[in-house]
Amino acid sequence: GMRKLIADILEMTHIESGEKKREFSEVDIVEIAQNSIETAQPEADARSIGITLHNSAPVTMTADKGEIEIILNNLVTNAVKYNKDNGKVDITISQSENRFDITVSDTGIGLSEEEAGKLFNEFVRIKNQKTRNILGSGLGLSTVKKLALLYGGDVSVSSAPDAGSTFKVTLIRKQQIGQE
């Protein structure tokens, strides 16, 4: 747990300071999502949580592969971690003329409107009876937000207690910020 916290803090620090070297190439968001699912699959299997990716065709964009991996790994692992046993996770990746949307929905414990409003701040962990045994640094979703902003996009959540959550990350196509 301590190693993960240190790694999360270092990643956040590099992003905020602009010291993170960004390497842009054509990346397939669907392939990265498949890898994120493989990472989360053992925990999902142990709790009988089904994960479905609703895309099979490649969806490519110019991006730093590591940054897209961070976004998807955080969203998918959280969807499993905060889910109910026998739940499900649905992942959809869509694109339009100038943007990409990554949507991850779960059937998990959900959030109140007040909790959702705090969620993307640093070191925020929603603490209640349902989350007390779930480990985390409180940096994952704030990192997702910072990365989405680097791509001219954003992240949002819609949720209700005991009804699950849907996270949507929007990234803008051909983003030039930080590519000079």
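Residues numbered from 1 in each chain as written. Predicted model: local features only at pLDDT ≥ 70, side-chain atom pairs only at ≥ 80, totals over all residues. Heavy atoms only, no water.

Engineer: What is the right way to read unusual backbone geometry from this model?
Structural biologist: It is generally the case that most residues other than glycine have a negative phi and that most peptide bonds are trans. Positive phi, close to 55°, is recorded for serine 48, a residue that is not glycine. Considering the arrangement of structural elements, one finds serine 48 in the loop between α2 (29–46) and β2 (50–53). Residue serine 48 is classed as partly exposed on the basis of its relative accessible area of 45%. (Helix = DSSP H or I, 4+ residues; strand = E, 2+ residues; numbered from the N terminus. Buried < 20%, exposed > 50% of the residue type's maximum accessible area, 1.4 Å probe, protein only.)

Engineer: Got a minute to help me understand the packing of helix α3 (residues 65–81) against helix α5 (residues 140–150) in this structure?
Structural biologist: A packed helix pair is summarised by two numbers, namely the angle formed by the two axes and the spacing between the axes. In the contact formed by α3 and α5, the axes pass within 9 Å of each other and the chain directions differ by 140°. The interaxial crossing formed by α3 with α5 has left-handed handedness. In this structure, α3 contributes Glu67, Ile70, Ile71, Asn74, Leu75 and Asn78 to the contact, and α5 contributes Gly140, Leu141, Thr143, Val144, Leu147 and Leu150. Along the lines of polarity and charge, the residues of the contact of α3 with α5 split into seven nonpolar, four polar and one charged. (Axes fitted to C-alpha atoms, helices over the stretch in contact; angles between N-to-C directions. Left-handed = near helix turned anticlockwise from the far one by under 90°. Contact = heavy atoms within 4.5 Å. Nonpolar A, V, L, I, M, F, W, Y, C, P; charged D, E, K, R; others polar.)

Engineer: It is not clear to me how the confidence of the model for the protein chain should be interpreted in this structure. Could you clarify?
Structural biologist: On average, residues of the protein chain score 83 in pLDDT, and 74% of them are at 70 or above. Mean pLDDT in the protein chain bottoms out at helix α1 (residues 2–17), which sits at 60, and peaks at β2, which reaches 98. Counting interchain partners and residues more than four positions distant, the pLDDT-below-50 stretch residues 175–180 has nine contacts. (pLDDT = per-residue confidence, 0-100.)

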